[in-house]
Amino acid sequence: MKRIFILTLFAISAFYAGAQDIDAIAEMYNKKQYKEAKTAVDKMLAEPKNANSSDAWYFKGRIYNSLSQDAATPKSEAFILKTAAFEAFQNAQKFDPKDMRMKLETYTSYLDLYLGLYDLGAGLFNDKDFASAYTAFTKALDVENFILSKKYEYPQVKLYALDTALVLNTAIATRQVKREEDAMRYYRKLADANVVGNTYLDVYQLLADYYNRVKDTDNLKIILDKGRKFYPEDAF
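Residues numbered from 1 in each chain as written. Predicted model: local features only at pLDDT ≥ 70, side-chain atom pairs only at ≥ 80, totals over all residues. Heavy atoms only, no water.

Another aspect to go through is the overall build of the chain. Looking only at helices and strands, the chain features 11 helices and zero strands. Seen in sequence order, the chain has helices and strands lined up from the N terminus as α-α-α-α-α-α-α-α-α-α-α. The C-alpha atoms of the chain give a radius of gyration of 23 Å, which is well past the 18 Å a tight globule of 236 residues would have. Projected onto its principal axes, the C-alpha coordinates of the chain cover approximately 85 × 40 × 35 Å. For the chain, the residues scored as buried account for 44% of the 236 residues in total. Long-range contacts, defined here as pairs at least 24 residues apart, represent 59% of the contacts in the chain between residues at least 6 apart. Element-wise, carbon and sulfur atoms account for 54% of the exposed surface of the chain, whose accessible area totals about 14,000 Å². For the chain, the distance from the average site of its 33 positive side-chain charges to the average site of its 32 negative ones is 4 Å. (Helix = DSSP H or I, 4+ residues; strand = E, 2+ residues; numbered from the N terminus. Rg over C-alpha atoms; globule rule 2.2 N^0.38 Å. Buried < 20%, exposed > 50% of the residue type's maximum accessible area, 1.4 Å probe, protein only. Contact = heavy atoms within 4.5 Å. Areas by Shrake-Rupley, 256 points an atom, 1.4 Å probe, with all protein chains shown as cover. Lys, Arg positive; Asp, Glu negative; His and termini not counted. Charge placed at Lys NZ, Arg CZ, Asp CG, Glu CD.)

Next comes the structure, spelled out in structure tokens:
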């Protein structure tokens, strides 16, 4: 009985110590002391006893994402921080069966990551860092697909199963880094969805040229038929 009592006291003290750590981290976060908060949450999660702390993982996600948005943070580091934040939020949910923190914020952190990665990819593309832009765009697609798989919805924006602009940007960035076969997979997603308009004319032209060069006659016919239907005045 005495041994059980001692173990219970130890567990209670450990719980309160963890709660105090979270409170201190939350206070630093609220004061926008993100670097100090990052150090504190990393230290907390480095201890095996805190590995399953949903609160710690949640604050790691919030802290890392906030740091990634700092104008002083290099784009390459911002991507690493956003990727780590995505994993942290997923862990927070995994270790909290009731999913309280994410429910309270209506899963807005995931939307923020998706939009942030999209903007980051666009910035990297404008910098002509196409390899990094491709990585950011594909991660944005990963986050968006996760949101859709969970059926999270947001009043401020509607997400679709096929994000045509993001898929097109990903395809362009992929082509810029000479990953033609991968790029054509993204272009094909758009063609299969029958997207149309001046913005998407290149989709059918590039696919037709690719299938012609690789002598894929079946897919070439499919794309040419679509191209003639959607762009009957185009000489290509």
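Read on for the rest.
This part is about the pattern of salt bridges. A full pass over the atoms with the stated rule returns 15 salt bridges. For K38, the salt bridge goes to D42, with nearest N and O atoms at 3.1 Å. With K38 and D42 both in helix α2 (residues 34–46) and four residues apart, the pair spans about one turn of that helix. Looking at K38, the relative accessible area reads 25%, which means it is partly exposed. Residue D42 is classed as partly exposed on the basis of its relative accessible area, which comes to 25%. E47 serves as the salt-bridge partner of K49, at 3.8 Å between the closest nitrogen and oxygen. Look at E47 and you get partly exposed, because its relative accessible area is 29%. (Salt bridge = Lys/Arg side-chain N within 4 Å of Asp/Glu carboxyl O.)

Taking 1.5 Å of rise per residue, 21 residues should cover 30 Å, and helix α7 (residues 130–150) covers 30 Å from first to last C-alpha, within 8% of that figure. The first or second residue beyond α7 is K151, which carries a positive phi of 60°. (Expected span 1.5 Å × (residues − 1).)

At a closest axis distance of 9 Å, the pairing of α2 and helix α3 (residues 54–68) adopts a crossing angle of 145°. α2 and α3 meet at a crossing whose hand is left-handed. Each of Y34, K35, A37, K38, V41, D42, M44 and L45 in α2 lies in contact with α3, whose residues at this interface are A56, W57, K60, I63, Y64, S66 and L67. Within the contact of α2 with α3, the residues separate by chemical class into 10 nonpolar, one polar and four charged. (Axes fitted to C-alpha atoms, helices over the stretch in contact; angles between N-to-C directions. Left-handed = near helix turned anticlockwise from the far one by under 90°. Nonpolar A, V, L, I, M, F, W, Y, C, P; charged D, E, K, R; others polar.)

Turning to the packing of aromatic side chains, a few remarks are in order. Within this structure, the stated rule accounts for 17 aromatic pairs. Ring geometry for Y118 against F137: centres 6.1 Å apart, planes inclined by 90°, an arrangement best described as edge-to-face. Linking Y118 in helix α6 (residues 108–126) with F137 in helix α7, this pair joins segments that are 19 residues apart in sequence. Residue class for Y118 comes out buried when judged on its relative accessible area of 17%. (Phe/Tyr/Trp six-rings, centres within 6.5 Å; stacked < 30°, edge-to-face > 60°.)

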